[in-house]
Amino acid sequence: MALRRASHVAWRRVGDETVLIHLKTKRIYVLNPSGGFFWHRLDGARGTNEILDSTAIAELPSSAVNELDLFWEKLADAELIEKGEKSEPSDSTVARNDSDYPLASFVPPELVWQEQLRNFGQSCANMSGESPLCDTAPSF
Amino acid sequence: MRHGSLVLTPPPLRKAARLRSGPYRFGETSFIFESSDNTWLGYLDKRYDTFRSTSSQNTFTLDFESTTDRIPEGMTSPLATHVEAHEIEPRRNGFLVRTATVSATVDLEARRATLQGPRAAYPLDNLLRYLLPALSEQGVLFHSAALEGVIACGPSGAGKSTLASFAGKRALCDELCAVRGNAEGHYRATSLPYWQARPGSTKLQAVLLLRHATRHRLRRVSTSEALRRLSTEILWPVEISSAMERALDQISGLVQSVPVFELAFANDPSAWDFIEEHVLS
């Protein structure tokens, strides 16, 4: 079973975290540095064991496979990744994604924050015009 | 008319003459408003007069038809602000926005929209908050005041208008602005006509996350916290995936290039001096 990033997800590295946006549900997610590392290793050709084998993490704990599988489950539940048959990754994908593990030792990969994105931000309009805060908007 | 007989010819059906107002420059887009309702166009002249422009770059045309509905109860004038719960549906090349009293169809490809609602400024105010993020090809819209050198973000009641009033002539707007970065990692904020505003832009030296307090305090926030807190202050162009990706690029770049502070400030005009001394110096 191989894992790939869903096509409706946009992502960027921000500092040591990775930010994802599900373009259909309009939710934003943040992965911790370990989660971001494994996210960038997804290529549609490898599964959990192969991804772990390809890393050079010192003293990989025995729980690592379960921790990573749990992480994939959470991402799959949020429709951020898809599971499927193995396919050939492009050379450029492998070259771009196989960077060194960013931490001294294995840290469980985690989805650390999420939020629903809105057009109106936190403005009055989110409050359906009911909030007393909206009444303070100036008149012209 | 023929002699000795009467020929009744119905008067030709005449469509009410379309009148135009604009262009007005809001961020990247020049808007032209069309309507047969001269009174409504007159409201726009008052509401957006300072944003009038001679530029016809990136023109978008909006056609307004007034309905017979009265303006919602509680509104003190047709120019008063008013917000309503809204629904949005994707449409071919654009989207449809509906509220209790307003409906609008937007065609982004044709760069036209039709808007129907009571004869007041608020139907357009509400629609623009969807349109501007969708039309913004190079920037992202923040629920934020733009002041000289900074944008000041926060939910309604956090103090954007208060701080803008303390900044006086240094204030560009107190509610919404467009932020755009360049390849060198420099960011500029451009004012939008909400609520008290004048046209202008400023190079960003910092981003402020506002809250009221009993004394002025400043705290630099991490990139990680900045991203989380600012992501709820953006008007995300939720109906257009490519625009969402552009907005993600902008916010990612912004929090890594421009320092972000939490500013707790007392309700005192010295708050602006405090910013000048500790943020802009």
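The shown structure was predicted, so the numbers you read here are calculated from the model rather than taken from an experiment.

The rules behind each value
Residues numbered from 1 in each chain as written. Chains lettered and ligands numbered in written order. Predicted model: local features only at pLDDT ≥ 70, side-chain atom pairs only at ≥ 80, totals over all residues. Helix = DSSP H or I, 4+ residues; strand = E, 2+ residues; numbered from the N terminus. Contact = placed C-beta atoms within 7 Å. Domains from an automatic or database assignment. Buried ≥ 20, exposed ≤ 12 C-beta atoms within 10 Å, placed from the backbone. Pairing = 2+ DSSP bridges. Axes fitted to C-alpha atoms, helices over the stretch in contact; angles between N-to-C directions. Parallel < 35°, antiparallel > 145°, perpendicular 65-115°, else oblique. Left-handed = near helix turned anticlockwise from the far one by under 90°. Nonpolar A, V, L, I, M, F, W, Y, C, P; charged D, E, K, R; others polar. Core = buried A, V, L, I, M, F, W, Y, C linked by C-beta atoms within 7 Å. pLDDT = per-residue confidence, 0-100.

Secondary structure summary: chain B contains six helices and 16 strands in total. Its C-alpha atoms give chain B principal-axis dimensions of roughly 90 × 40 × 35 Å. Of all intrachain contacts in chain B linking residues separated by at least 6 positions in sequence, the fraction that spans at least 24 positions is 64%.

With that settled, the discussion passes to the domain arrangement of chain B. Residues and elements named next belong to chain B. The domain boundaries assigned to chain B delineate domain 1 (19-135) and domain 2 (140-278). For domain 1 and domain 2, the distance between their C-alpha centroids amounts to 25 Å. Counting from both sides, the interface comprises 14 residues of domain 1 and, opposite them, 14 residues of domain 2. The element that contributes the greatest number of residues to the side of domain 1 that touches domain 2 is helix H2 (residues 122-135), accounting for four residues.

The subject of this paragraph is the pairing of strand E1 (residues 19-26) of chain B. Within E1 of chain B, six of the eight residues are buried, which leaves the element mostly enclosed by the surrounding structure. Once E1 of chain B ends, the chain turns through two residues before running back antiparallel as strand E2 (residues 29-35) of chain B, passing glycine 27 of chain B with a positive phi of about 65°.

The next thing to look at is the packing of helix H4 (residues 223-231) of chain B against helix H5 (residues 241-257) of chain B. Residues and elements named next belong to chain B. The geometry of H4 relative to H5 is characterised by a closest axis approach of 9 Å and an angle of 140° between their N-to-C directions. When the axes of H4 and H5 are compared, the pair comes out oblique. Handedness of the crossing formed by H4 with H5: right-handed. In this structure, H4 uses Thr223, Ala226, Leu227, Leu230 and Ser231 to contact H5, whose residues at the interface are Ile251, Val255 and Gln256. A class-by-class count of the residues in the contact of H4 with H5 yields five nonpolar, three polar and no charged.

Before going further, it helps to examine the sheet that holds strand E4 (residues 27-31) of chain A. Residues and elements named next belong to chain A. With antiparallel pairing, four strands are arranged side by side in an open sheet as E2-E3-E4-E6. Looking at the sheet topology across the chains shown, the edges are occupied by strand E2 (9-14) and strand E6 (111-116). The average undirected angle you get between the axes of adjacent strands in this sheet is 20°. Pairing analysis gives five bridges linking E4 to E6, with the strands arranged antiparallel. Residue pairing for E6: leucine 31 is matched across the bridge by leucine 111.

With that settled, the discussion passes to the environment of leucine 79 of chain B. Mapped onto the elements, leucine 79 of chain B comes out in the loop between strand E3 (59-66) and strand E4 (87-91). Considering only alpha carbons, one finds leucine 79 of chain B and alanine 120 of chain B, 41 residues apart in sequence, at a separation of 6.1 Å.

Okay, the environment of threonine 232 of chain B next. Residue position: threonine 232 of chain B is located in the loop between H4 and H5. Counting along the chain gives 21 residues from threonine 232 of chain B to glycine 253 of chain B, while the straight-line C-alpha distance between them is 16 Å.

Before going further, it helps to spend a moment on the sheet that holds strand E5 (residues 94-98) of chain B. All names here are of chain B. On the basis of which strands lie adjacent, the open sheet formed by seven strands has the order E1-E2-E3-E7-E6-E5-E4 and mixed pairing. For this open sheet the edge positions go to E1 and E4, each flanked by a neighbour on one side alone. Neighbouring strand axes in the sheet, compared pairwise and without regard to direction, differ in orientation by 15° on average. When strand E6 (residues 103-107) meets strand E7 (residues 112-117), the two strands line up antiparallel, connected through five bridges. Along E7, the bridge assignment pairs aspartate 107 with arginine 112.

Now for the environment of threonine 59 of chain B. Residues and elements named next belong to chain B. Of note, threonine 59 is situated in strand E3. Separated by 38 residues in the primary sequence, threonine 59 and valine 97 place their C-alpha atoms 21 Å from one another. Those residues in contact with threonine 59, other than ones at most four positions away along the chain, are Pro23, Ser30, Ile32 and Arg111.

Residue proline 23 of chain B is reached from glycine 22 of chain B by a cis peptide bond, and omega for that bond is 5°. In this fold, proline 23 of chain B is placed in strand E1. Backbone geometry places lysine 26 of chain A, a non-glycine residue, at a positive phi of 60°. Counting through the fold element by element, lysine 26 of chain A comes out in the loop between strand E3 (17-22) and E4.

Our focus in this paragraph is the pairing of strand E14 (residues 206-212) of chain B. Residues and elements named next belong to chain B. In this structure, strand E9 (residues 150-153) lies alongside E14, joined through four bridges in parallel fashion. Opposite valine 150, over in E14, you have alanine 206 as the bridge partner. Pairing analysis gives six bridges linking E14 to strand E16 (residues 260-265), with the strands arranged parallel. Considered in E16, the bridge of valine 207 is made with valine 260.

Moving on: the nonpolar core. All names here are of chain B. Judged by nonpolar contacts, the single largest core of 105 residues is most densely connected at Leu147, Ile151, Leu163 and Cys177. No other element matches H2, which puts nine residues into this core. If you count residues domain by domain, this core takes at least three from each of domain 1 (19-135) and domain 2 (140-278). In contact with cysteine 177, other than residues within four places in its own chain, are Phe142, Ser144, Ala146, Ile151, Ala189, Thr190, Ser191 and Leu192.

Turning next to the confidence of the model for chain A. In this model, chain A carries a mean pLDDT of 82, and residues with pLDDT of at least 70 account for 77%. Considering only residues more than four positions removed or in separate chains, one finds that residues 121-140 of chain A, a stretch of pLDDT under 50, has 47 contacts.

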